[in-house]
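Structural overview for review
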Amino acid sequence: MEKDWPKAKGHRTRRQRVVAIGGGTGLSTMLRGLKQYVDNITAIVTVADDGGGSGVLRHDLGMPPPGDIRNCLLALANTESVMSELLGYRFTDGILKGQSFGNLFLAALNEISPSFDVAVRRMSEVLAITGRVLPVTNENIELEAEFENNTRVVGESKIFACKKEQDCRIRQVRLLPEHPKALEESLEAIRHADLIILGPGSLYTSIIPNLLVSGIVSEIMESDALKLYVCNVMTQEGETEGYSASDHIQAIFHHAQAPIIDYCLINSAPIPEKVCARYAEEGAAPIVCDREACVRLGVQVIEKPVSAIVDGQVKHDGLALGREIMAIYSEHGAMRIAGEEF
């Protein structure tokens, strides 16, 4: 029997104010596409990452991890290509090996700014971005995962290896400390949104951590916006092996303790057998669209061709994704402006 969730409010029709919540490369890919169709975008980004170059800066300087923030800023940037190339450059030798110049730039801004969100805003001004990028919180948080065999591990970067070792599903994740205070600007953006998008991105390490920040879920529930979940194209090794679309939705509802999604966008573009075979070696596969199970959760499924094969890997096609998202909003979330097309 499905849980009797409290009901969210209905939709309203106003000009398009889009809020995208998540992290990782999936979010930045979507933002690149969205900015071709809408100007008023706010990206709310997780700060639970503790691996790679971001983790080094986090531990050395005591700052929130800059990597996901940097990627979103670059996705929305309107600067010369050389500036984007510079900020995306990753050092290959010496003590800076593996570190991104954009991370270092944001770290320097953080040192001369009163808070991390101010540093992000200053970098946004340098890049003349379309819209805004906001950390979901300024607090120093860690991510803990609990598995179905009761094993626990602390640290976003450790979850992959631990899941592979334990060979069982993740039961839940939590933030340490629990219920950190959300950035007020993030709450305000959700409060006034017309369209709220979750994903695409890693379910337990990019999307759900945002929902565990105090105030985020309650503002989503109170918002009259259309709420859309963009499901990943493939399951993710070390995180969601064997998950269907409804499994993703159920995990989000479980952590939010509320039905915060109205619609789920799932890729319908075919994936070549050779590509699927390579993913299968890692235990990954195309996500199954179990429509009836999603409907039982109160979520309407929309299937559209929004994927592309890039260097043998399956990724979302940012432009197609942005176009289909705005088409969904036009059809389901607001009256189409006369003569306007997406």
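Residues numbered from 1 in each chain as written. Predicted model: local features only at pLDDT ≥ 70, side-chain atom pairs only at ≥ 80, totals over all residues. Heavy atoms only, no water.

Now for the overall build of the protein. What the protein contains, in helices and strands, is 14 helices and twelve strands. Rg of the C-alpha trace for the protein: 19 Å, near the compact-globule value of 20 Å for 342 residues, within the 12% margin. Taken over the C-alpha atoms alone, the protein extends approximately 55 × 50 × 40 Å along its principal axes. Residues classed as buried in the protein amount to 56% of the 342 residues present. Contacts in the protein between residues far apart in sequence, at least 24 positions, make up 74% of those at least 6 positions apart. Summing over all exposed atoms, the protein offers an accessible surface of approximately 14900 Å²; the carbon and sulfur share of this is 50%. Seen as two clouds, the 34 positive and the 46 negative side-chain charges of the protein have centres 3 Å apart. (Helix = DSSP H or I, 4+ residues; strand = E, 2+ residues; numbered from the N terminus. Rg over C-alpha atoms; globule rule 2.2 N^0.38 Å. Buried < 20%, exposed > 50% of the residue type's maximum accessible area, 1.4 Å probe, protein only. Contact = heavy atoms within 4.5 Å. Areas by Shrake-Rupley, 256 points an atom, 1.4 Å probe, with all protein chains shown as cover. Lys, Arg positive; Asp, Glu negative; His and termini not counted. Charge placed at Lys NZ, Arg CZ, Asp CG, Glu CD.)

Let us now look at the sheet that holds strand E6 (residues 170-176). The three strands lie next to each other as E5-E4-E6, forming an open sheet whose pairing is antiparallel. Looking at which strands have only one partner, the edges of the open sheet turn out to be strand E5 (152-154) and E6. Taken pair by pair, the neighbouring strands of this sheet meet at an average axis angle of 20°, ignoring direction. Contacting strand E4 (142-147), E5 and E6, helix H7 (residues 159-166) runs over the sheet at an angle of about 10° to E4. Sheet strands touched by helix H9 (residues 203-211): E4 and E6. Its angle to E6, the strand with the most contacts, is close to 55°. (Pairing = 2+ DSSP bridges. Axes fitted to C-alpha atoms, helices over the stretch in contact; angles between N-to-C directions.)

Before going further, it helps to spend a moment on the nonpolar core. The biggest cluster of nonpolar side chains holds 99 residues, and the ones touching the most others in it are Val133, Tyr229, Ile252, Ile260 and Ile325. In contact with valine 133, not counting residues within four places along its chain, are Ala43, Val45, Ile69, Cys72, Leu73, Leu76 and Val120. Judged by nonpolar contacts, the second largest core, of seven residues, contains Met234, Tyr279, Ala284 and Val314. (Core = buried A, V, L, I, M, F, W, Y, C linked by side-chain atoms within 4.5 Å.)

With that settled, consider the packing of helix H1 (residues 24-34) against helix H14 (residues 318-333). Contact pair H1 / H14: the axes reach a minimum separation of 7 Å and the direction vectors enclose 70°. Accordingly, the angle class assigned to the pair H1 and H14 is roughly perpendicular. Crossing angle aside, the handedness with which H1 passes H14 is right-handed. Judged by residue contacts, Thr29, Met30, Gly33 and Leu34 of H1 engage Gly318, Leu319, Leu321, Gly322, Ile325 and Met326 from H14. Considered class by class, the residues forming the contact of H1 with H14 number six nonpolar, four polar and no charged. (Parallel < 35°, antiparallel > 145°, perpendicular 65-115°, else oblique. Left-handed = near helix turned anticlockwise from the far one by under 90°. Nonpolar A, V, L, I, M, F, W, Y, C, P; charged D, E, K, R; others polar.)

When H7 is considered as a whole, its buried residues turn out to be Ile159, Cys162 and Lys163. Seen along its axis, H7 keeps its buried residues to an arc of 100°; they face one direction. Here the buried face of H7 lies against E4, E5, E6 and H9. After H7 finishes, the residue aspartate 167 shows a positive phi value of roughly 55°. (Arc of directions from axis to C-beta.)

Contact geometry for H9 and helix H11 (residues 245-256): axes closest at 9 Å, N-to-C directions at 35°. For the crossing formed where H9 meets H11, the hand is right-handed. Residue-level contacts link Leu203, Tyr204, Ile208 and Leu211 of H9 to His248, Ala251, Ile252, His255 and Ala256 of H11. The class makeup of the residues in the contact of H9 with H11 is seven nonpolar, two polar and no charged.

Turning our attention to the sheet that holds strand E8 (residues 226-230). Pairing is parallel in the open sheet, where seven strands are placed in the order E3-E2-E1-E7-E8-E9-E10. Two strands close off the open sheet at either side, each with one partner strand: strand E3 (132-135) and strand E10 (300-304). Along the sheet, successive strands turn relative to each other by an average axial angle of 20°, direction set aside. Contacts from helix H8 (residues 184-191) reach strand E1 (18-22), strand E2 (41-45), E3 and strand E7 (195-198) within the one sheet, and its direction differs from that of E3 by about 125°. Against the sheet, H11 makes contact with E7, E8 and strand E9 (263-267), and its axis sits at roughly 125° relative to E8, the strand it touches most.

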